[in-house]
Amino acid sequence: HSKVIGFTAVSHNAEFYAAGRLFRNPDGTQSKLNGPADVPTRIAESDGRPLLILTRPDLFKHLEDAREFEIEQIADNGELIIAAATRR
């Protein structure tokens, strides 16, 4: 299964829907991406699988504009977008 991480924020719903697949901090809390520059490192830690990113729709453009990785929107429920990031 692909690993899951939030972009600039964590999603508490992901605790249920992505249990066991979330990136975690050493203290056990959910890890998050602070910006597009963090994505390639997390892709490298994803065992060759796409990295699933949860983000607000208004922030998705920052991921689309990044040149260091490919990003594909999977779903948008109006509140969150889930997208798959892979290496270029």
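Here, the structure is the one placed above.
Because the structure is predicted, anything quoted here is derived from the model rather than measured.

(A) Main features of the overall build of the protein chain. Helix and strand counts for the protein chain come out as three helices and five strands. Its helices and strands taken in sequence order, the protein chain reads β-α-β-α-β-α-β-β from the N to the C terminus. For 88 residues, the compact-globule estimate of 2.2 N^0.38 gives 12 Å, and the C-alpha radius of gyration of the protein chain, at 12 Å, lies within 12% of that figure. Each principal axis of the C-alpha atoms in the protein chain carries an extent, and together these give about 30 × 30 × 20 Å. A buried classification covers 38% of the 88 residues belonging to the protein chain. By sequence separation, contacts in the protein chain at least 24 residues apart represent 48% of the contacts at least 6 residues apart. Carbon and sulfur atoms form 48% of the exposed surface of the protein chain, whose accessible area is close to 5,400 Å². The average position of the 11 basic charges and that of the 13 acidic charges among the side chains of the protein chain differ by 3 Å.

Parameters at a glance
Residues numbered from 1 in each chain as written. Predicted model: local features only at pLDDT ≥ 70, side-chain atom pairs only at ≥ 80, totals over all residues. Heavy atoms only, no water. Helix = DSSP H or I, 4+ residues; strand = E, 2+ residues; numbered from the N terminus. Rg over C-alpha atoms; globule rule 2.2 N^0.38 Å. Buried < 20%, exposed > 50% of the residue type's maximum accessible area, 1.4 Å probe, protein only. Contact = heavy atoms within 4.5 Å. Areas by Shrake-Rupley, 256 points an atom, 1.4 Å probe, with all protein chains shown as cover. Lys, Arg positive; Asp, Glu negative; His and termini not counted. Charge placed at Lys NZ, Arg CZ, Asp CG, Glu CD.

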